[in-house]
Amino acid sequence: MRQDDGVTDHDPVLDPALMRKQYRAEGLDETELADHPMEQFARWFEQSARAALQGAVYEPNAMVVSTADAEGRPSSRTVLLKRYDEQGFVFFTNYESRKARDLAENAYVSLLFPWHALARQVIVSGVARRTGRDETAAYFRTRPHGSQLGAWASAQSSVISSRDELDAGYAELAARYPEGEQVPVPPNWGGFRVTPQTVEFWQGRENRLHDRLRYVAEADGGWRVERLSP
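Residues numbered from 1 in each chain as written. Predicted model: local features only at pLDDT ≥ 70, side-chain atom pairs only at ≥ 80, totals over all residues. Heavy atoms only, no water.

Asker: What exactly am I supposed to notice about the packing of aromatic side chains here?
Answerer: What characterises a pair of aromatic rings is the spacing of the ring centres plus the angle enclosed by the ring planes. Inspection of every chain in the model, using the stated rule, returns 17 aromatic pairs. On the numbers, 6.0 Å between centres and 35 degrees between planes, the contact of Phe41 with Trp115 is tilted. Taken together, the positions of Phe41 in helix α1 (residues 37–53) and Trp115 in strand β5 (residues 108–115) put the pair 74 residues apart, joining distant regions of the chain. For Phe41, a relative accessible area of 0% translates into the label buried. (Phe/Tyr/Trp six-rings, centres within 6.5 Å; stacked < 30°, edge-to-face > 60°. Helix = DSSP H or I, 4+ residues; strand = E, 2+ residues; numbered from the N terminus. Buried < 20%, exposed > 50% of the residue type's maximum accessible area, 1.4 Å probe, protein only.)

Okay, structure coming up:
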């Protein structure tokens, strides 16, 4: 419920304008950074993954993938990171989904890893390209049987008449490919590798004076680091 002036008219505990949290005092210094952003990412990802084992972080490989179509209209969604190395970040999806259609028109993409419990986030901007079919097939084989069937059952991002339609399609596939039988890789399903152009490491600090250190790709293949004002 809202008043005419737009002020939230309910318990102050639920008012987002009054929600504040003091972040950690320890910061992030340039002298602590790895030479390569993917090495620095590996350090932070390991710490996030270990925190997840203690219940402090939920799905450390969850990232917000933001794309834009040819006309610049943006869209965002949460996707699970499945691989990372010096070449970039890899995720898998239906190639007929909205994100894949956007990337076919505009290959620039942003990734955001929101590790709130650690007062950290990593922001990546780069270019996405499809992975090879061999790489896609190798990953597909590691997916649980139900997830393999789900990749076939879901025409991702398309409008369907009901949940029953989705469940019926899945049941038909489950009968065709029972547990233990190999499920083929859908032809319209595969991976994207995001090659980073910038990678920002954000560490929350007291009084909103956060540390923001950004790697920027250089033409010679190296990286420079710049500090951003919070």
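There is more to say, and it comes next.
Asker: Would you take a moment to explain the layout of surface pockets for this structure?
Answerer: Vacant regions in the atomic arrangement are exposed by a probe of water-molecule size rolled over the atoms. Each pocket or cavity is described by its volume, and for the largest pocket that value is around 380 Å³. Along its surface, the largest pocket is lined by 16 residues, and Phe92, Thr93, Arg143, Gln156 and Trp189 are the ones closest to its centre. The set of elements that each furnish at least two residues to the lining of the largest pocket consists of β2 (74–80), β4 (88–94) and α4 (145–153). Among the residues forming the lining of the largest pocket, the class breakdown is 6 nonpolar, 7 polar and 3 charged. (1 Å grid on protein atoms, 1.4 Å probe; cavity = no way out; pocket = protein on both sides within 12 Å on 5 of 7 lines; lining within 4 Å. Points joined across faces, edges and corners; volume = space filled by probe spheres on them. Nonpolar A, V, L, I, M, F, W, Y, C, P; charged D, E, K, R; others polar.)

Asker: What is the right way to read the packing of α4 against helix α5 (residues 163–176) from this model?
Answerer: In the contact formed by α4 and α5, the axes pass within 9 Å of each other and the chain directions differ by 125 degrees. Classed by the angle they form, the pair α4 and α5 counts as oblique. Like other packed secondary-structure pairs, α4 and α5 cross with a definite hand, here right-handed. When α4 is examined against α5, the residues Gly146, Leu149, Gly150, Trp152 and Ala153 are found in contact with a partner set consisting of Leu166, Gly169, Tyr170, Leu173 and Ala174. (Axes fitted to C-alpha atoms, helices over the stretch in contact; angles between N-to-C directions. Parallel < 35°, antiparallel > 145°, perpendicular 65-115°, else oblique. Left-handed = near helix turned anticlockwise from the far one by under 90°. Contact = heavy atoms within 4.5 Å.)

Asker: How do you make sense of the UniProt feature "binding site: substrate" (unreviewed entry) in the chain when you look at a structure like this?
Answerer: Under the present numbering, the feature "binding site: substrate" (unreviewed entry) in UniProt falls on Arg20, Lys21, Gln22, Tyr23, Lys82, Tyr139, Arg143, Ser147, Arg208, Leu209 and His210. With the annotated positions falling across 191 residues, the maximum pairwise C-alpha distance of 42.7 Å shows that they are not confined to a single cluster. When the annotated set is filtered for residues lining the largest pocket, what remains is Lys82, Tyr139, Arg143 and Ser147. Assignment of secondary structure puts Arg20 in the segment before α1. (UniProt positions renumbered as here; feature names shortened; annotations may be inferred.)

Asker: What should I look at first to understand the nonpolar core in this one?
Answerer: When a protein is soluble and globular, its nonpolar side chains tend to lie buried together. Residues Phe41, Phe89, Leu111, Phe113 and Val122 are the most contacted members of the largest nonpolar core, which totals 32 residues. Every element with two or more residues in this core is listed here: α1, β1 (62–68), β4, α2 (98–105), β5, β6 (120–130), β7 (189–203) and β8 (211–217). Setting aside its immediate chain neighbours within four residues, Phe41 contacts Leu81, Tyr84, Phe89, Phe113, Trp115, Val122 and Phe201. With 11 residues, the next largest nonpolar core counts Phe92, Phe140, Ala151 and Leu173 among its residues. (Core = buried A, V, L, I, M, F, W, Y, C linked by side-chain atoms within 4.5 Å.)

Asker: Any chance you could explain the pattern of salt bridges here in plain terms?
Answerer: Side-chain pairs of opposite charge can arise where the charged atoms are in close proximity. Applying the stated criterion across every chain yields a total of 15 salt bridges. The salt bridge involving Arg227 is made with Asp211; its shortest N-O contact spans 2.7 Å. Taken together, the positions of Arg227 in strand β9 (residues 223–228) and Asp211 in strand β8 put the pair 16 residues apart, joining distant regions of the chain. (Salt bridge = Lys/Arg side-chain N within 4 Å of Asp/Glu carboxyl O.)

Asker: Can you help me understand the side chain of Thr131 in this one?
Answerer: Positionally, Thr131 belongs in the loop between β6 and α3 (133–140). By relative accessible area, Thr131 is classed as buried at 8%. Among the polar contacts listed, one links the side chain of Thr131 to the side chain of Thr136, at a separation of 3.1 Å. Once you skip the residues sitting within four places of it in the chain, Thr131 turns out to touch Val90, Phe92, Tyr95, Thr136, Gly191, Phe192 and Arg193. (Polar contact = N/O pair within 3.5 Å; in protein donor to acceptor, adjacent residues only side chain to side chain.)

Asker: Just to check I follow, could you spell out α1 for this structure?
Answerer: Counting along an α-helix, one turn takes 3.6 residues, and residues three or four places apart therefore face a common direction. Between its terminal C-alpha atoms α1 stretches 24 Å, which fits the 24 Å expected from 17 residues at 1.5 Å a residue. Every buried residue belonging to α1 is among Pro37, Met38, Gln40, Phe41, Trp44, Phe45, Ser48 and Ala51, and all of these are buried. The buried residues of α1 all sit within an arc of 145 degrees when viewed along its axis, so they share a single face. Turned more than 90 degrees away from the buried face of α1 sit Arg50 and Leu53, all of them exposed. (Expected span 1.5 Å × (residues − 1). Arc of directions from axis to C-beta.)

Asker: Hey, could you run me through the UniProt feature "domain: Pyridoxine 5'-phosphate oxidase dimerisation C-terminal" (unreviewed entry) in the chain in this one?
Answerer: Sites flagged by UniProt as "domain: Pyridoxine 5'-phosphate oxidase dimerisation C-terminal" (unreviewed entry) map to residues 189–230. When the span residues 189–230 is considered, its composition is 0% helix and 67% strand, and the gap between its end C-alpha atoms is 39 Å.

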